[in-house]
Amino acid sequence: MSASSCVQCCFSERLIENLGYDAAVHTIPTPDGYLLTVHRISGAKQKSPRDRPPHNTPVLVSAGLASNSEMWVLREPNLATSLVNAGFDVWLTNFRGNSYGLRHETLHPKRHEFWDFSWHENGLIDQASTIDYVLETTGRNKLITIGHSMGSTAQVVLLSEKPSYAEKVLCSVFLAPPIYFSKPPVLPTALRNLFYLLPQLKESTGRNVVNDKMPFMDQCMAAYCFQTANEKFNNLCRAGISAMLGKPQKRISDVNALKLLAHFPGGGSIRQVLHYGQSIASGGFQKYDFGSVKNLKLYGSPHPPSYNLSAITTPIYVYYGTSDGLVSSEDVRKFTKQCPAVKEVHALPYNHLDYALADDINEAYIKPVIGTLMKYI
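Residues numbered from 1 in each chain as written. Predicted model: local features only at pLDDT ≥ 70, side-chain atom pairs only at ≥ 80, totals over all residues. Heavy atoms only, no water.

- As annotated in an unreviewed UniProt entry, the chain carries the name Lipase and comes from Thrips palmi.
- Its UniProt record gives the chain the following Sequence similarities (unreviewed entry) comment, quoted word for word: "Belongs to the AB hydrolase superfamily. Lipase family." (UniProt positions renumbered as here; feature names shortened; annotations may be inferred.)

## A short note on the overall build of the chain
Alright, step 1. Along its length, the chain carries 14 helices and nine strands.
Alright, step 2. Classification of the 377 residues of the chain by burial places 55% in the buried group.
Alright, step 3. Contacts in the chain between residues at least 24 apart in sequence constitute 77% of all its contacts with a sequence separation of at least 6.
Alright, step 4. Surface summary for the chain: the accessible area is close to 16,100 Å², and the carbon and sulfur share equals 56%. (Helix = DSSP H or I, 4+ residues; strand = E, 2+ residues; numbered from the N terminus. Buried < 20%, exposed > 50% of the residue type's maximum accessible area, 1.4 Å probe, protein only. Contact = heavy atoms within 4.5 Å. Areas by Shrake-Rupley, 256 points an atom, 1.4 Å probe, with all protein chains shown as cover.)

## What about helix H14 (residues 361–373)?
Alright, step 1. Taking 1.5 Å as the rise per residue, H14 with 13 residues should run 18 Å; its terminal C-alpha atoms sit 17 Å apart, in good agreement.
Alright, step 2. Where H14 is concerned, the buried positions are Ile361, Tyr365, Ile366, Val369, Ile370, Thr372 and Leu373.
Alright, step 3. Of the surrounding elements, those touching the buried residues of H14 are helix H3 (79–85), strand E6 (143–148), strand E7 (169–175), strand E8 (316–321), strand E9 (342–348) and helix H13 (354–357). (Expected span 1.5 Å × (residues − 1).)

## Details of the pattern of salt bridges
Alright, step 1. All told, the structure shown has eight salt bridges when counted by the stated rule.
Alright, step 2. Among the ionic pairs, aspartate 89 bridges to arginine 40, the shortest N-O distance being 2.7 Å. Separated by 49 residues along the polypeptide, aspartate 89 in strand E4 (residues 89–92) and arginine 40 in strand E2 (residues 34–42) bring together distant segments of the chain.
Alright, step 3. A relative accessible area of 25% means that arginine 40 is categorised as partly exposed.
Alright, step 4. Lysine 168 is paired through a salt bridge with aspartate 132; the nearest N and O atoms lie 2.7 Å apart. Taken together, the residues lysine 168 in the loop between helix H5 (150–161) and E7 and aspartate 132 in helix H4 (residues 119–138) connect sequence positions 36 residues apart.
Alright, step 5. You can call aspartate 132 partly exposed: its relative accessible area is 29%.
Alright, step 6. One salt-bridge network, in which partners are shared between bridges, spans Asp32, Arg96 and Asp126. (Salt bridge = Lys/Arg side-chain N within 4 Å of Asp/Glu carboxyl O.)

## Overview of the packing of aromatic side chains
Alright, step 1. Under the definition given, this model contains 17 aromatic pairs.
Alright, step 2. Here phenylalanine 114 and tryptophan 115 contribute two aromatic rings whose centre-to-centre distance is 5.1 Å and whose plane-to-plane angle is 70°, an arrangement assigned as edge-to-face.
Alright, step 3. By relative accessible area, which is 3% here, tryptophan 115 ends up buried.
Alright, step 4. Taken together, the aromatic side chains of Trp119, Tyr180, Phe181, Tyr276, Phe285 and Tyr307 make up a single cluster linked through ring pairs. (Phe/Tyr/Trp six-rings, centres within 6.5 Å; stacked < 30°, edge-to-face > 60°.)

## Overview of the UniProt feature "active site" (unreviewed entry) in the chain
Alright, step 1. If you check UniProt for "active site" (unreviewed entry), the listed places come out as Ser149, Asp324 and His352 in our numbering. The annotated residues occupy 204 residues of the chain but converge on a single region, no pair of C-alpha atoms lying more than 10.9 Å apart.
Alright, step 2. Relative to the assigned elements, serine 149 resides in the loop between E6 and H5.
Alright, step 3. Among all residues touching serine 149, those that are not within four sequence positions of it are Gly64, Leu175, Ala176, Pro178 and His352.
Alright, step 4. Inspection of the secondary structure assignment puts histidine 352 in the loop between E9 and H13.
Alright, step 5. A polar side-chain atom of histidine 352 sits 2.8 Å from a polar atom in the side chain of serine 149. (Polar contact = N/O pair within 3.5 Å; in protein donor to acceptor, adjacent residues only side chain to side chain.)

## Brief notes about the pairing of E2
For a regular strand, side-chain orientation follows a simple rule: the groups alternate between the two sheet faces.
Alright, step 1. Of all the nine residues making up E2, seven are buried; the element is thus mostly covered by neighbouring parts of the structure.
Alright, step 2. In this structure, strand E1 (residues 22–29) lies alongside E2, joined through eight bridges in antiparallel fashion. Counted as the bridge partner of isoleucine 28 is leucine 36 from E2.
Alright, step 3. Between E1 and E2, which pair antiparallel one after the other, the connecting turn spans four residues, and glycine 33 there sits at a positive phi close to 100°.
Alright, step 4. Bridge count for E2 against strand E5 (residues 103–104) is two bridges, and the pairing is antiparallel. Each bridged residue has a counterpart across the sheet, and for leucine 35 the counterpart in E5 is arginine 103.
Alright, step 5. Where E2 meets E4, three bridges bridge the pair, whose relative direction is antiparallel. (Pairing = 2+ DSSP bridges.)

## A few points about helix H10 (residues 270–282)
Alright, step 1. Helix length check: H10, at 13 residues, gives a terminal C-alpha distance of 18 Å against a target of 18 Å (1.5 Å per residue), a fit within 8%.
Alright, step 2. Of the residues trailing H10, glycine 283 is marked for its positive phi of about 80°.

Okay, here's the thing in C-alpha cells:
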C-alpha cells in the first residue's frame, strides 16, 4: 500500500457501503465559511421488532483529534452501524481541519488564515452548526451526541459556552474525554515537563504560533508499518502506537493495525494540539492562551478564563479506559466531579482507540450505550 493509495481509500461513504449500509453525504456550512462534510447512515440490516417501529432519533457521532468519520466504520461490529440497527438516524460528523473539513468558501488550506482555530472553534462553531443542520434537516427538536476524545472536548465547550444548546440535546455520551490533565499519563507528562523546563514556551505558544496544519498529522502511516513480514519492525510500529495511545486490551492484529493506520492520522491544526498542550501545562480546562497582550483584548484578563462546567445541564454519560495513554483515570474522575450534569461513569480496560478496535466493544460499551440512549427516545 503506497501513501497515495491510502489517500484514495479514505472515504467514509465507501467504507459504509462496504459494510452493507447506505451512505448519504451532506455539506454543512459554518457561519465563518468552513464547509464540513458529514456522513449519514441508513439501511439497517436488523429491522426493529413489530412492537417497536423505527424511532429515527438523530445521533451525532464525533471522532477525535487527527481522526474523522472513517474511525467508526473500519470494521464490524462498530458503534455507528449498531446504532443504525437499533433504529437511530446516525450522522458521522467531521470538524474543520481533518480530511473532511478542508473546504472553505473563500480560504484555501494553504493559507495560514484557514488554520486559525483550536478545539474551541470546533465546539463553539462546528458542533453547533452541525446540530442545527441535522435538526433542521430531520425536522426534530432534539438529538443525541456521542463524542470520542476531542469530540467530547468540543461538546463540553459548546454546552458550557452556549447553555441554550441543552434544549437541543437529549443526552451526550463521552468516550475517553480529554478535559483535564492535572495527572496526565506518560506522553502528556513529558509535554508538561517540557513547559516546566522551558517556561518561555508557555508564552510563545500563544503569542508566536504560526497558524498552519500540524506537521505529519495527515501522513498516512500504513505506507510504512505492517507492510512486510519483518516482525521486529511491525512490533516497533505497534510499540509506537502503545506509547502514544496506551497499552491495548490485547495485542492488535496486523490486519486491524493496518486498517487503523490507513485512516489515521487524518489531519489537524497546530493550535488544536497547542490548546491541549496549554491544558497539560496548566492542569486546567481553559480557553486558548494567546499571550497576555491578546488575552487582555479578548478576555479582559491577561490569563484565559476557564470553561464553566457548572453551566452544563445536558445529561452526560462517561466511558474511560484504565490503560489510556492520553487521558488518565484521575483526570476523568476530576471532570465528573466538576461537572454536575454527569449521570454515570464507566471504566473499561481500554486504551485511547480500543473503542474502535477492541474485540469486545459490542458487549463492553456499545450495548450499554444503546441501552442508555433508548431511555431518551
